Amino acid sequence: MSRVVIANGRVIDPLSKLDGVADVAMVDGRIAQVGRDLDRTGAEVFDAAGLIVAPGFIDMHVHLREPGFEHAETIESGARAAAAGGFTSICPMPNTSPVNDNATVTSYIVERASRLACVNVFPIGAITKGSLGEELAAIGSMKQAGIVAISDDGKPVMNARVMRRAMEYAAGFGLPVINHCEDLHLSAGGDMHEGQVSTRLGLRGIPSASEDVMVARDLLLAELTGARYHVAHISARHSVAMVRFARHRGLPVTCEATPHHFALHDCEMKPYDSNYKMKPPLRHSSDAEAVAQGLADGTVGAIATDHAPHPGSEKMQEFEKCPFGILGLETALGLALEHLVHPGRITVGKLVELFTTGPAGILSLNRGTLAEGAPGDVTIFSLDREWTYDVNKSFSKSRNSPFHGHPFRGGPVATIVKGEFVWRI
Ligand SMILES: [Zn+2]
């Protein structure tokens, strides 16, 4: 029998409405008890005095690049980066090679993860075959193999009729449909947010409208079909307002935001530095403000990183030629503390929700709580530890982050999966 006691931390478990100093005991990989002065006989004891002890964080949007692009990331390396960021569960998007659009690929990911990943991996399957936007993928058999949602992330589903069918079909399986909202005709050729900064830099713009029109379309289709619908990496203020409106009307509609979309805006880009190039792009400061407001008022239900590793050889090209996307797993918590908690925009309890019960609820994962009998997944973090992010020490195989050298106050301290420490500082 293996026994671990996390002692004297401030335990925050939103689902149990718990916020106070306590011990957390785990036995054989599950939460056994939460309370004061628990029996420590024969246990591995971790002193968490002065630290926050929360249910394991869940990142519902990552790219692990395996199969097909193992030079950028593998399931194993991405999982290690996740653990170092305080995440105990991650959901890889299907834009691998081959695309995760059938049960064989899903099973390959699940099997590799069970052997090599130090955190839980819940794959997301494609909406359409090859994510080409035309024919529906093998959604039912992928669900049996372990997917928790469908998405063609990296690409939108441009054809509204296909999207409608996907929603109807997914509703039958109880799966949420996640769309990367981007009208490709409006965004074509764009490298950054369309606005004053793109004009000044002479770079082609991606207007907020390319996101907004697709969010609007999808919300109407969600109402038509009754499907559970989720907007990936929401970035534009009108999109946030439309999701808020749909939720007020009772539709089962959710969205997530990445740390970079509330932490940065287009004025803060280092000109022509590809570590600031991502989709959706860093938008106007009023958009970043709307995203933060959405997180605070419950419109945005989860913080997700969109961790998108690219090797240096690809990110070191001219700005226009570089692929979109940045690393995110190891800096997410630090950025959320800096931009949301420290300025008083949200409480620490709310932050924990956005990393736990929020994504768990959207994906119907039976996780995100420290209730007795729950999986022994725990994230221990500090509100005030000072540290500096060194991307060259990242567990990721890639180095594309705009936050290299950034000083943080507060961040992950230890990560426990199934009752075992998988990372600690
Ligand atoms: Zn995307």
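Bear in mind that the values here come from a model prediction, so they are computed numbers and not experimental data. Position numbers for residues start from 1 in each chain and track the written sequence from start to end. It should be noted that, the model being predicted, local features are given only for residues of pLDDT at least 70 and side-chain atom pairs only at 80 or more, the latter also being counted only at that level, while totals for whole chains, interfaces and linings use all residues.

Time to look at the sheet that holds strand 14 (residues 253–257). Strands are treated as partners if at least two bridges between them are detected by DSSP. Runs of H or I in DSSP of at least four residues are treated as helices and runs of E of at least two as strands, each being numbered from the N terminus. The strand order across the open sheet built from 5 strands is 9-10-13-14-15, with neighbouring strands paired in parallel fashion. The two strands at the open ends of the sheet, each matched to only one other strand, are strand 9 (150–151) and strand 15 (302–303). Bridge count between strand 10 (residues 177–179) and strand 13 (residues 229–231): 3 bridges; the pairing is parallel. Counted as the bridge partner of N179 is V231 from strand 13. The contact criterion used is a C-beta to C-beta distance within 7 Å, with each C-beta placed from the backbone. Note on definitions: angles span 0 to 180 degrees between N-to-C directions of axes, and those axes are lines fitted to C-alpha atoms, for helices only across the stretch in contact. With respect to the sheet, helix 4 (residues 160–173) is in contact with strand 9, strand 10 and strand 13, its orientation differing from that of strand 10 by roughly 145°.

On to the domain arrangement of the chain, then. How big an interface is tends to be expressed through the accessible area that disappears when the partners come together. By the assigned domains, the chain splits into domain 1 (3–52 + 375–385 + 407–424) and domain 2 (56–362). Just so you know, the domain bounds were taken from an automatic or database domain assignment. Spacing between the C-alpha centres of domain 1 and domain 2 amounts to 29 Å. Facing 19 residues of domain 1, the contacting portion of domain 2 comprises 22 residues. Ranked by residue count, the leading element in the side of domain 1 that touches domain 2 is strand 17 (residues 407–417), at 7 residues. Nonpolar residues are Ala, Val, Leu, Ile, Met, Phe, Trp, Tyr, Cys and Pro. Charged residues are Asp, Glu, Lys and Arg, and all others, Gly as well, are polar. In terms of residue class, the side of domain 1 that touches domain 2 is made up of 12 nonpolar, 4 polar and 3 charged.

Turning to the nonpolar core, a few remarks are in order. Core analysis: the largest hydrophobic core is formed by 126 residues, its most contacted members being V24, V53, V119, I150 and V291. Residues from two domains meet in this core; each of domain 1 (3–52 + 375–385 + 407–424) and domain 2 (56–362) gives at least three. Discounting residues that sit within four places of it in the chain, I150 has contacts with I124, G125, A126, I127, I139, A166, A170, L175, V177 and I178. We define the nonpolar core as any set of buried residues of the types Ala, Val, Leu, Ile, Met, Phe, Trp, Tyr and Cys, connected via C-beta atoms lying within 7 Å of each other. Exposure in this text rests on C-beta crowding, where 20 or more other C-beta atoms within 10 Å of a residue's own make it buried, 12 or fewer make it exposed, and counts in between make it partly exposed. The C-beta atoms are placed from the backbone.

Our focus in this paragraph is the sheet that holds strand 6 (residues 57–62). Judged by pairing direction, the sheet is parallel, and its 3 strands sit side by side in the order 6-7-8 without closing on themselves. Sheet topology places strand 6 and strand 8 (120–121) at the edges, where each strand pairs with a single neighbour. Taken together, the 4 bridges between strand 6 and strand 7 (residues 87–92) define a ladder with parallel strand orientation. Among the inter-strand pairings, F57 is bridged to a residue of strand 7, identified as F87. Packed on one face of the sheet, helix 1 (residues 75–84) meets strand 6, strand 7 and strand 8 and runs near 135° to strand 7.

With that settled, the discussion passes to the pairing of strand 6. The buried count for strand 6 comes to 6 of 6 residues, which makes it a mostly enclosed element. Seen with the strands pointing away from the viewer, any crossover whose path from the first strand over the helix to the second strand runs clockwise is right-handed. For the handedness criterion, the β-α-β arrangement of strand 6, helix 1 and strand 7 is classed as right-handed.

Within strand 17, 8 of the 11 residues are buried, which leaves it mostly tucked inside the rest of the structure. Both strand 16 (residues 378–388) and strand 17 contribute to a ladder of 8 bridges, which runs antiparallel. Note on strand 17: the bridge partner recorded for T379 is T415. Relative to strand 18 (residues 420–424), strand 17 runs antiparallel, the two being bridged by 4 bridges. From the neighbouring strand, T415 faces strand 18, where its bridge partner is W423. Remark: 2 residues form the turn of the hairpin made by strand 17 and strand 18, two consecutive strands paired antiparallel; K418 in that turn has positive phi of roughly 50°.

For helix 10 (residues 285–297), spanning 13 residues, the distance from its first C-alpha to its last is 18 Å, which sits close to the expected 18 Å at 1.5 Å a residue. Among all positions in helix 10, only D287, A288, A290, V291, A292, G294 and L295 are buried. The inward-facing, buried residues of helix 10 abut helix 7 (208–225), helix 8 (237–248), strand 14, helix 9 (259–263), helix 12 (332–341) and helix 13 (348–355). Phi for G298, located one or two positions after helix 10, is positive at around 95°. Here, expected helix span is obtained from the residue count minus one, scaled by 1.5 Å.

What follows deals with unusual backbone geometry. Residue S97 is joined to P98 through a cis peptide bond whose omega torsion reads 5°. Relative to the helices and strands, P98 is located in the loop between strand 7 and helix 2 (103–116). Backbone geometry at N8 places phi at a positive 65°, although glycine is not the residue there. When you line up the elements, N8 lands in strand 1 (residues 3–13). Note on N8: 19 C-beta atoms within 10 Å, which makes it partly exposed.

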